[in-house]
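Secondary and tertiary structure notes
Spelled out from the first residue to the last, the chains are:
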Amino acid sequence: MDRFFKIKEQGSTVRTEIMAGITTFMTMAYILAVNPNILTAFGKTGMEWYPVFLATAIAAGIFTIAMGIFVNFPVALAPGMGLNAYFATVIVSTAGSDHPITWQMALTAVFISGIVFFLLTVTHIRQKLLEAVPDALKHAITVGIGLFITIVGLKNSGLLSVSVEAVNDVPKGVFTPLQGFETVFGLGSFTDPNVLLTIIGLALISVLMILNVPGAILFGILGTALIAIPMGLIDFSSLQGAQWVPDLTQMTVFEFDFAGIMGVGIVSIILTFTFVELFDTFGTLVGTANRAGFMKNREEGNKRVGKAMFVDSIAVGGGAVLGTSTVTAFVESSAGVAAGGRTGLTSVTTGICFLLALFLAPVIALIPGPATAAALIVVGVLMMQAVREINFNDLVIGIPAFMTITFMPFTYSIANGISFGILGYVLLAFVANVFGKGEQKYKIHWLMWILFVLVILRYVFMGGH
């Protein structure tokens, strides 16, 4: 095992890798319940909860194990958040129209986007991104994802409250997101037991990490779950009559409708899946590689991320075959890396956990959201450390990096952050090179120009969606 995964070479141990893999699983296990809820939209899309659950667990298990074995990379894959919501929204929003999009058509669109992804990968166009994107933007991506993860943890736990309130007598010239309304962010209520449990979990994980306890994040999650029991946040009654043995006959495999998609406006949907996945995956893989220290040797780091992109491209179409929306690299993989994961054994462990979840779903469902939310917040702190590598004194680099960092959490989209970072860098570097009085010249890779145009077209014709 050590020879296969080169564990000692990466300065790790088998125990550390396994603990890191379990930690990653614990922080992203929520997808097992969340993805079926989103794709079914509580009965509005026509998809059924249990088949989607099976597809979620199996897809995450198979492709995460493949990432570990074939790439030796500590990254886990599962149906991506955001794209699954878009998947369901497209179906629900077209219901009742002259050309409704069924869930079979939507899966077909995901499958086609997977083929596009595969072609972009084998032609090494995706890998070229690693050479094209400046190092400062790569570090900014890591920081932005850290803040994105933090927002997810804060929002899911209730520690961050988000509300829309009526606005009276809005001053002239003051913009509000909705006419007569504004979005208000605030601190959650301390009378909410979920908020209290998140704070307890955050304190527990932080203390364990300060004391350098191996597997601090994992043990923090488990400890928080135990504390949740006397707080009444775990309902054991759900175990009664639970389905423990998976019924694979209920899976919806190869449920495609190629004929049906010819009569609807599916092209823009395919492009949306492809575009968002392109940047989301790039951001996650680079951010995780940076956190794991793989990018210190740029050639070796780029090679490993390139291989990871190949597995990821197959996972997109493979997930659609199994019956779920786009399968992608998960930002929560950073939790395992933060716990010491450096090799593919971390991914293999996470993948096995997902497959075991087919039998232990009722138990896994008992782990309260605040326990994993606290872990995500701590991981955000760790990823924030990459900000030290960005020279904000150089505004040609600093402004695009800042836009990358801020747009990710504030627009709730990794793709938006990277998009505005690209727009900012290409524009400012071009102006500095042509009109600047300084001697410094900024490299603009030809692919950055192509991305610049594609980003503009995306926002012009798709409205940023």
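Residues numbered from 1 in each chain as written. Predicted model: local features only at pLDDT ≥ 70, side-chain atom pairs only at ≥ 80, totals over all residues. Heavy atoms only, no water.

This next bit is on the packing of aromatic side chains. If you walk through the whole model with that rule in mind, you get 13 aromatic pairs. Seen from their ring centres, Tyr50 and Phe53 are 6.1 Å apart, and the 25° between their planes marks the pair as stacked. Highlighted residues: Tyr50 and Phe53, both in helix α4 (residues 49–71), separated by three residues, approximately one helical turn. Accessibility classification places Tyr50 together with Phe53 in one group, the buried group. Judged by centre distance (4.8 Å) and plane angle (35°), the ring pair of Phe111 and Phe256 falls under tilted. Highlighted residues: Phe111 in helix α6 (residues 103–122) and Phe256 in the loop between α10 (216–228) and α11 (258–261), separated in sequence by 145 residues. What makes Phe111 partly exposed here is its relative accessible area of 21%. Through successive ring pairs, a cluster of aromatic residues spans Phe111, Phe254, Phe256 and Phe258. (Phe/Tyr/Trp six-rings, centres within 6.5 Å; stacked < 30°, edge-to-face > 60°. Helix = DSSP H or I, 4+ residues; strand = E, 2+ residues; numbered from the N terminus. Buried < 20%, exposed > 50% of the residue type's maximum accessible area, 1.4 Å probe, protein only.)

With that out of the way, let us pick up the nonpolar core. Of all hydrophobic cores here, the largest spans 120 residues; its most connected members are Phe25, Phe73, Phe87, Phe279, Phe282 and Met448. Tallying contributions element by element places α4 first for this core, with 13 residues. Residues lining this core come from more than one domain, with at least three contributed by each of domain 1 (8–166 + 178–388) and domain 2 (391–464). In contact with Phe73, other than residues within four places in its own chain, are Met67, Gly68, Leu285, Ala289, Phe294, Arg304, Val305, Ala308, Thr343, Gly344 and Ser347. Within the second largest apolar cluster, six residues are counted, among which are Ala140, Val143, Ala386 and Ile405. (Core = buried A, V, L, I, M, F, W, Y, C linked by side-chain atoms within 4.5 Å. Domains from an automatic or database assignment. Contact = heavy atoms within 4.5 Å.)

Turning next to helix α2 (residues 14–28). A rise of 1.5 Å per residue sets the reference length of α2, with its 15 residues, at 21 Å; its end C-alpha atoms lie 21 Å apart and thus fit the reference within 8%. Every buried residue of α2 is accounted for by Glu17, Met19, Ala20, Gly21, Thr23, Thr24, Phe25, Met26, Thr27 and Met28. Looking at the buried side of α2, the elements it contacts are α3 (31–40), β1 (77–79), α10, α14 (333–338), α15 (344–364) and α16 (369–383). (Expected span 1.5 Å × (residues − 1).)

Tallying each qualifying case throughout the model produces one salt bridge. The residue Asp135 makes a salt bridge to Lys138 at a minimum N-O spacing of 3.8 Å. Taken together, the residues Asp135 and Lys138, both in helix α8 (residues 135–157) and three residues apart, mark about one turn of the helix. For Lys138, a relative accessible area of 4% translates into the label buried. (Salt bridge = Lys/Arg side-chain N within 4 Å of Asp/Glu carboxyl O.)

Right, let's talk about the domain arrangement of the chain for a bit. Splitting the chain by domain gives domain 1 (8–166 + 178–388) and domain 2 (391–464). Computed over C-alpha atoms, the centres of domain 1 and domain 2 are 26 Å apart. Every contact between the two is made by 31 residues of domain 1 and, on the other side, 25 residues of domain 2. When domain 1 packs against domain 2, close to 2300 Å² is buried across both sides, 86% of that on carbon and sulfur atoms. Summed over the three residues of domain 1 that lose the most area to domain 2, namely Phe148, Phe275 and Phe279, the buried surface amounts to 25% of that side. If you look at where domain 1 meets domain 2, you find zero salt bridges. For the pair domain 1 and domain 2, the interface holds zero residue pairs in polar contact (both at pLDDT 80 or more). When residues of the side of domain 1 that touches domain 2 are traced back to their parent elements, those giving at least two are α7 (125–132), α8 and α12 (267–292). Residue contributions to the side of domain 1 that touches domain 2 peak at 12 residues, all from α8. Of the residues assigned to the side of domain 1 that touches domain 2, the class counts are 22 nonpolar, five polar and four charged. (Buried area = accessible area lost by both parts, 1.4 Å probe. Polar contact = N/O pair within 3.5 Å; in protein donor to acceptor, adjacent residues only side chain to side chain. Nonpolar A, V, L, I, M, F, W, Y, C, P; charged D, E, K, R; others polar.)

Looking at where Thr343 falls in the secondary structure, it is placed in the loop between α14 and α15. Residue class for Thr343 comes out buried when judged on its relative accessible area of 0%. Looking at Thr343, its side chain comes within polar contact range of the side chain of Glu17, at 2.8 Å. Not counting the four nearest positions on each side in its chain, Thr343 is found in contact with Phe5, Lys6, Ile7, Gln10, Glu17, Asn72, Phe73 and Pro74.

What follows concerns the side chain of Thr252. Structurally, the position occupied by Thr252 is in the loop between α10 and α11. Here Thr252 falls in the buried class, since its relative accessible area comes to 18%. Not counting the four nearest positions on each side in its chain, Thr252 is found in contact with Pro51, Trp103, Val321, Leu322 and Gly323.

Another aspect to go through is the packing of α4 against α15. The N-to-C vectors of α4 and α15 enclose an angle of 160°; their axes lie 7 Å apart at closest approach. Classed by the angle they form, the pair α4 and α15 counts as roughly antiparallel. Considering only the axes of α4 and α15, their crossing is left-handed. The residues of α15 that touch α4, namely those facing Phe53, Leu54, Ala57, Ile58, Ala60, Gly61, Ile62, Thr64, Ile65, Met67, Gly68 and Ile69, are Gly344, Ser347, Val348, Thr350, Gly351, Ile352, Phe354, Leu355, Ala357, Leu358 and Ala361. When the residues that make up the contact of α4 with α15 are grouped by side-chain class, the tally is 16 nonpolar, seven polar and no charged. (Axes fitted to C-alpha atoms, helices over the stretch in contact; angles between N-to-C directions. Parallel < 35°, antiparallel > 145°, perpendicular 65-115°, else oblique. Left-handed = near helix turned anticlockwise from the far one by under 90°.)

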